[in-house]
Amino acid sequence: NAIKNIILTVPGEVPFDSTMGSQVSDYLFELFDDGTAGLLTLEVERAVKFNEPRAEVEEVLVQAQPDQNQFHVSVRYKIVGYEEIFEVSQILTPTAQ
């Protein structure tokens, strides 16, 4: 849940920690294409690496789904000290779900 919270939290939203979160909401009103998906990939990877030191990011996949006006985000990661790979997925749309 920590990774999902990082992705969905806007910086400044958490009291006393103005750097917590990601800028993914900035991209949700852009075109739903591969270019924006690439920018979202970089932002999700940056946000998780910066905000969650307990996780080692293995892979971030963002798929644009223009027909549904959404992005499917999948983050594969390992917890530091463990070999098991975990995955969290989230659908991102311009409106809250």
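Residues numbered from 1 in each chain as written. Predicted model: local features only at pLDDT ≥ 70, side-chain atom pairs only at ≥ 80, totals over all residues. Heavy atoms only, no water.

Visitor: Mind laying out the sheet that holds strand β3 (residues 85-92), listing which residues take part and the relevant values?
Guide: Spatial ordering of the open sheet is given by β1-β2-β3, a layout of 3 strands whose pairing is antiparallel. Because the sheet does not close on itself, it has two edges, and the strands there are β1 (55-65) and β3. Each strand axis lies, on average, 15° off the axis of its neighbour in the sheet, ignoring direction. In terms of strand pairing, β1 meets strand β2 (residues 70-79) through 10 bridges, oriented antiparallel. In the strand pairing of β2, L61 is matched with S74. (Pairing = 2+ DSSP bridges. Helix = DSSP H or I, 4+ residues; strand = E, 2+ residues; numbered from the N terminus. Axes fitted to C-alpha atoms, helices over the stretch in contact; angles between N-to-C directions.)

Visitor: Go over the nonpolar core, please, and point to the residues and values.
Guide: One finds I3, I7, V44, V62, F71, V75 and L92 to be the most contacted residues of the largest nonpolar core, which totals 19 residues. Secondary-structure elements contributing two or more residues to this core are α1 (2-8), α2 (34-51), β1, β2 and β3. Excluding anything up to four places from it in sequence, V75 contacts I3, I7, V44, E59, V60, F86, E87 and V88. (Core = buried A, V, L, I, M, F, W, Y, C linked by side-chain atoms within 4.5 Å. Buried < 20%, exposed > 50% of the residue type's maximum accessible area, 1.4 Å probe, protein only. Contact = heavy atoms within 4.5 Å.)

Visitor: Lay out unusual backbone geometry in plain terms, naming residues and giving numbers.
Guide: Unusually for a residue other than glycine, F16 sits at a positive phi of about 70°. In this structure, F16 sits in the loop between α1 and α2. The residue N69 is not glycine, and still its phi comes out positive at about 50°. Tracing the chain through its elements places N69 in the loop between β1 and β2. The class for N69 is partly exposed, based on a relative accessible area of 43%.

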